[in-house]
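Tertiary structure, described
Spelled out, the chains give:
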Amino acid sequence: MSSSLRIAAVGCGHGALNEIYQNVSIEMARHSWDNVDCVIIGGDFQSLRNSNDATCISVPSKYKSMGDFHEYYSGARTAPFLTIFCGGNHEAGNYLFELYYGGWVAPNIYYLGASNVLRLGPLRISGMSGIWKGYDYNKPHHERLPYNAEDVQSIYHIREVDVRKLLQVRTQVDIGLSHDWPRAIEKSGNSAALFNKKKHLRDDSIHGRLGSQAARQVLDRLRPAYWFSAHLHTRFALTMGHNGTTLQKADPSCDEPKEWCYTAAPTTPVKAKVNLGERTSPSQVISNSPGNEQSRLSAWQSSGETIAAKERADAEKRRAEFNDPSRPRAAPANFQVTWNEIKGEDRKVVATHQSVASQVQNDDEIDLDCSSPSASGSPPSKRATPAEMDGLSEKQAIMDHSIPEEIRSKLPASLAQAAPVDLVPEAIRSKLPASLTQPARDSTPKMGHPEAIQNRITKFLALDKPRGHDSYLELVELNAVSDQANTDFQRPFRLQYDKEWLAITRVFAQDLEVGEPDARVPFNKGEAGYLQAIQEAEAWVEENVVQRGKLDIPYNFVRVAPVFDQSVPVTTTDAPPEFPNPQTAAFCELVGIENKFALSNEECAARVARGARPTRSNFNPAHRRGARGGGRRGGRGGGPRGR
């Protein structure tokens with residue numbers, strides 16, 4: 001039996017489950033497949049159970065539609081294939097909030113949660129929900145029913161505390177799933193063809209705004225063999241190498257995109273470096289050369305004459321180029337002046353340094369040289385690119401560069417962290433260009449790459465939406481690269497919890513803040529700071545979950561909300577109450593953590609009576625509607641193109 005799994009990859013769902021499942025069957029017949037092991041949907045699933053849920057989805061009223069999902073929720077239909085999906089920016093945020101850790105939204109349809117790692121047979125699947133919006137990235141999950149207009153917009157913005165958990169994974173995964181594309185992923189493929197189809201994406205790509213910065217961090221850390229995305233409503237596939245890996249053509253497969261027909265080229269042994277501190281004497285060279293002594297001596301002398309002549313010619317060429325009057329003159333750079341000054345009665349010599357600017361400073365110029373050094377190690381004095389400057393506040397810039405590292409490391413955590421992004425009022429920020437309204441850097445501590453994550457290439461596939469212009473569905477056959485020890489390869493495969501992820505979740509559960517707008521996300525301790533706690537949690541999971549045979553995800557779907565009533569229009573403004581989900585309670589009990597989503601009937605009634613938090617007077621939803629992953633246009637949030 002083949003060890004590969006057959007997957008139906010889908011872009012955005014947009015509530016069209018009947019069409020999706022029908023076309024999966026058609027594609028199966030075309031591929032001569034008798035089944036698929038799983039359908040993976042890249043977000044915008046739109047799990048509307050009833051019309052009241054539609055008040056919690058970020059779609060203008062005139063474009064709201066119930067879609068097909070309510071039929072699967074009510075039991076009128078059953079999903080014919082195991083289906084997994086991540087959240088996008090057009091979701092019933094209230095329902096997905098109930099299943100923050102993941103869970104069944106309907107029989108045979110599983111939501112991955114805010115972030116997750118699961119197992120399906122030999123495949124290890126990681127996923128993250130939401131889209132990148134820098135101004136909400138470092139905030140807690142402050143949204144809780146009843147939502148105001150801001151909450152409906154921000155609830156689908158990915159949060160650093162969820163990404164932080166994924167960045168603690170230290171072993172290989174097979175699949176990565178996100179709604180947003182990873183930042184700059186288009187540059188690893190045929191971006192010219194992409195921009196011919198989606199001309200408006202070119203500018204975002206040039207300025208480093210295209211895609212999710214959080215997804216890129218996870219991609220670079222986990223290096224899965226495959227990554228699926230949606231969101232931009234176009235098909236785009238590529239193969240990318242990690243850490244300088246060179247690609248070479250491979251034999252094409254009928255069950256994978258042609259853009260995936262690459263493999264990692266064999267690595268070449270690194271030559272030993274020459275120790276420049278050890279000189280080779282002429283006698284050593286002569287003795288090691290072939291021929292008699294006289295011929296070896298002649299070879300040495302002629303070699304020296306040839307090298308000397310070449311050096312003289314090169315020097316003459318450089319001198320002529322420098323003296324060429326037509327050569328453009330570069331602007332002189334700033335420089336350091338150093339002198340010794342004698343101070344005090346003891347006549348102590350003190351070295352004094354002063355920066356001297358060789359250019360006249362324009363008082364009207366806005367100094368953009370305040371972003372952090374780039375990942376490639378560029379010095380702080382290098383002028384920042386728009387992508388590096390993407391949203392850094394003045395306070396962040398000061399904290400990043402004005403205080404030396406040896407001093408900043410001794411500051412209290414409240415001062416050592418990057419400053420909050422939302423220091424600029426919404427009314428002002430909404431009028432700024434995108435490069436000044438979104439942060440381009442994350443304060444995540446530096447991390448070494450785990451030895452157990454050794455995959456060298458990732459095959460990326462983004463797809464369109466149903467009734468779009470490009471393909472929204474493809475069947476692909478995937479091979480696992482993760483550790484398959486103790487894996488039972490027996491169809492039909494059942495979803496299982498991942499031991500390492502359960503341990504990470506157990507450690508981070510105490511940091512979760514729910515429904516508190518004024519809460520602060522705990523300081524990021526970094527990989528080393530969490531490692532011991534995670535290892536201790538892994539031992540707990542081994543004893544209390546693995547050894548007790550509890551890794552299988554239970555089929556414990558329960559309908560907690562009313563089913564769709566056709567007499568209630570989808571445009572109703574009556575918001576639903578919060579329904580605490582028994583699946584979340586069961587998961588918290590399994591992992592031994594507090595269920596922060598628990599809510600008594602009395603507490604629920606009190607929240608409904610209290611109503612939603614007031615919306616800021618300067619809030620304009622048009623300025624915060626889901627965009628293309630960080631661009632300045634808000635086209636993905638509400639118009640016909642974002643449906």
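The residue numbers shown here count from 1 along each chain, following its written sequence. Thresholds applied to this predicted model are a pLDDT of at least 70 for local features of residues and 80 or more for the giving and counting of side-chain atom pairs; totals over whole chains, interfaces and linings are not thresholded and use all residues. As a convention, hydrogens and water are excluded, and side-chain values are obtained from all of the structure's heavy atoms.

Things to note about the overall build of the chain
Secondary structure elements are taken from DSSP: a helix is a run of H or I of four residues or more, a strand is a run of E of two residues or more, and numbering for both begins at the N terminus. Tallying secondary structure elements over the chain gives 19 helices and 17 strands in all. Pairs at least 24 apart in sequence give 78% of the contacts found in the chain among residues at least 6 apart. Contact between two residues is taken to exist if any of their heavy atoms lie within 4.5 Å; hydrogens are not considered.

Some words on unusual backbone geometry
Between L145 and P146 the backbone carries a cis peptide bond, its omega angle lying at -5 degrees. Note that the residue after R491, namely P492, is joined by a cis bond; omega there is -5 degrees. With respect to the secondary-structure elements, P492 resides in the loop between strand 16 (473–478) and strand 17 (495–497). Phi at N243 takes a positive value of approximately 55 degrees, unusual for a residue other than glycine. Relative to the assigned elements, N243 resides in the loop between strand 10 (236–241) and strand 11 (247–249). Judged by relative accessible area, which is 71%, N243 ranks as exposed. A positive phi angle is found at R467, which is not glycine, with a value near 60 degrees. Under the scheme applied here, a residue whose accessible area is under 20% of the maximum for its type counts as buried, over 50% as exposed, and between as partly exposed, the area being computed with a 1.4 Å probe on protein chains only.

Digging into the pattern of salt bridges
Whenever a carboxyl oxygen of Asp or Glu lies within 4 Å of a side-chain nitrogen of Lys or Arg, that contact is scored as a salt bridge. A complete count under the given rule lists 27 salt bridges for this structure. Between K258 and E259 there is a salt bridge, with its nearest N and O atoms 3.1 Å apart. Through salt bridges with shared partners, a single network forms among R119, R124, D498 and E500.

Remarks on the sheet that holds strand 9 (residues 226–229)
Reading across the sheet, the seven strands line up as 10-15-9-8-7-6-17 and stay open at both edges, with mixed pairing between neighbours. Looking along the sheet, the strands with just one partner apiece sit at the ends: strand 10 and strand 17. Geometrically, the sheet is characterised by an average inter-axis angle of 25 degrees between neighbouring strands, direction not taken into account. Pairing analysis gives three bridges linking strand 8 (residues 175–178) to strand 9, with the strands arranged parallel. When the bridges of strand 9 are listed, L177 appears paired with F228. Most of the contacts of helix 16 (residues 499–508) go to strand 6 (residues 115–120), to which it runs at about 155 degrees, and overall it touches strand 6, strand 7 (123–128) and strand 17. Any two strands with at least two DSSP bridges between them are considered paired. Each axis is a line fitted through C-alpha atoms, taken for helices only over the stretch in contact, and angles between the N-to-C directions span 0 to 180 degrees.

What about the pairing of strand 7?
Across the six residues of strand 7, six count as buried, placing the element largely inside the fold. Alternating residues of strand 7 divide into L123, I125 and G127 and R124, S126 and M128, and every residue in both groups is buried. Of the strand pairs in this sheet, strand 6 and strand 7 are connected by six bridges, and their pairing is antiparallel. Each bridged residue has a counterpart across the sheet, and for V117 the counterpart in strand 7 is S126. Following strand 6, the chain reverses through two residues before pairing antiparallel with strand 7; G121 in that reversal takes a positive phi of roughly 60 degrees. Inspection of the sheet shows strand 7 paired to strand 8 by four bridges, in the parallel sense. Considered in strand 8, the bridge of S126 is made with G176.

Focus on the confidence of the model for the chain
A low pLDDT means the predicted coordinates there should not be read in detail. Overall, the predicted model of the chain reaches an average pLDDT of 81, with 70% of residues at or above 70. Along the chain, pLDDT gives the predictor's confidence residue by residue, from 0 to 100. Across residues 355–403, where pLDDT falls below 50, the model places 82 contacts with residues more than four positions away in sequence or in other chains.

Details of the nonpolar core
In terms of nonpolar packing, the biggest core is built from 130 residues, with V105, I109 and F228 touching the most fellow members. In terms of residues, this core owes the most to one element, helix 16, which gives six residues. Setting aside residues up to four positions removed in sequence, F228 forms contacts with A9, I175, G176, L177, S178, W260, L461, V476 and L478. The set of buried Ala, Val, Leu, Ile, Met, Phe, Trp, Tyr and Cys residues whose side-chain atoms join them within 4.5 Å is what this entry labels a nonpolar core.

With respect to the packing of aromatic side chains
Here a pair means two rings of Phe, Tyr or Trp (six-membered ring of Trp) with centres within 6.5 Å. Their orientation is stacked below 30 degrees between planes, edge-to-face above 60, and tilted elsewhere. On inspection of all chains with the given rule, the structure shows 24 aromatic pairs. Look at Y21 and F81: their rings are 6.1 Å apart centre to centre, the planes differ by 55 degrees, and that puts the pair in the tilted class. With Y21 in helix 1 (residues 17–31) and F81 in the loop between helix 2 (69–74) and strand 3 (83–85), this pair connects stretches of sequence that are 60 residues apart. Judged by its relative accessible area of 5%, Y21 falls in the buried class. Through a chain of ring-to-ring contacts, the aromatic side chains of F45, F69, Y73, F85, Y95, Y111 and F557 assemble into a single cluster. By definition here, charges over rings are those cases where NZ of Lys or CZ of Arg is within 6 Å of the ring centre and within 35 degrees of the ring normal. One Lys or Arg, R49, reaches over the ring of Y95 and ends 3.9 Å from the middle of that ring.

Quick notes on helix 16
The buried count for helix 16 comes to eight of 10 residues, which makes it a mostly enclosed element. Listing the buried residues of helix 16 in full gives E500, W501, L502, A503, I504, T505, V507 and F508. The inward-facing, buried residues of helix 16 abut strand 6, strand 7, helix 6 (160–166), strand 17, helix 17 (526–546) and helix 18 (582–591). Capping of helix 16 at its N-terminal end is provided by D498; its side-chain oxygen lies 3.2 Å from the backbone amide nitrogen of E500. By the criterion applied in these results, polar contacts are pairs of N or O atoms within 3.5 Å in which, for protein atoms, one can donate a hydrogen and the other can accept it, and in which residues neighboring in sequence qualify only through two side-chain atoms.

Concerning the side chain of S126
Position of S126 among the secondary structure elements: in strand 7. Excluding residues that lie within four positions of it along the chain, S126 makes contacts with N116, V117, L166, V173, I175, G176, L177 and L222.

A word on the environment of V591
Relative to the assigned elements, V591 resides in helix 18. Overall, V591 belongs to the buried group, its relative accessible area being 2%. Not counting residues up to four positions away in its chain, the partners in contact with V591 are L502, R506 and W540.

A short note on the sheet that holds strand 5 (residues 109–111)
Strand order across the open sheet formed by six strands is 4-5-3-2-1-16, with mixed pairing between neighbours. If you trace the sheet from one side to the other, it starts and ends with strand 4 (103–106) and strand 16, each paired once. The average undirected angle you get between the axes of adjacent strands in this sheet is 30 degrees. As defined by bridge partners, strand 2 (residues 38–41) adjoins strand 3 across three bridges and the pair is classed as parallel. Looking at strand 3, one finds that V39 is bridged to T83. The sheet strands contacting helix 1 are strand 1 (5–10), strand 2, strand 3, strand 5 and strand 16, and the helix crosses strand 16 at an angle near 55 degrees.

Topic: the pairing of strand 15 (residues 457–462)
Of all six residues that make up strand 15, six are buried, and the element is covered over most of its length. On strand 15, burial covers both faces: I457, K459 and L461 on one face and T458, F460 and A462 on the other are all buried. Both strand 9 and strand 15 contribute to a ladder of four bridges, which runs parallel. Within strand 15, the residue paired with F228 across the bridge is L461. Strand direction decides the pairing type here: strand 10 and strand 15, joined by six bridges, are antiparallel. Considered in strand 15, the bridge of A237 is made with L461.

Describing empty space enclosed by the protein
Think of a 1 Å grid over the protein atoms and nothing else: a 1.4 Å probe that fits but is trapped marks a cavity, an open set flanked by protein within 12 Å on at least five of seven lines marks a pocket, and residues with an atom within 4 Å of a point count as lining. Grid points are joined across faces, edges and corners, and a volume is the space filled by probe spheres set on the points. Scanning the model with the defined rule gives seven cavities of 30 Å³ or more in all. Here the largest cavity defines a volume of roughly 290 Å³. Taken together, 20 residues line the largest cavity, and the ones lying closest to its centre are L96, Y111, H141, I155 and Y156. Nonpolar residues are Ala, Val, Leu, Ile, Met, Phe, Trp, Tyr, Cys and Pro. Charged residues are Asp, Glu, Lys and Arg, and all others, Gly as well, are polar. By residue class, the composition of the lining of the largest cavity is nine nonpolar, seven polar and four charged.

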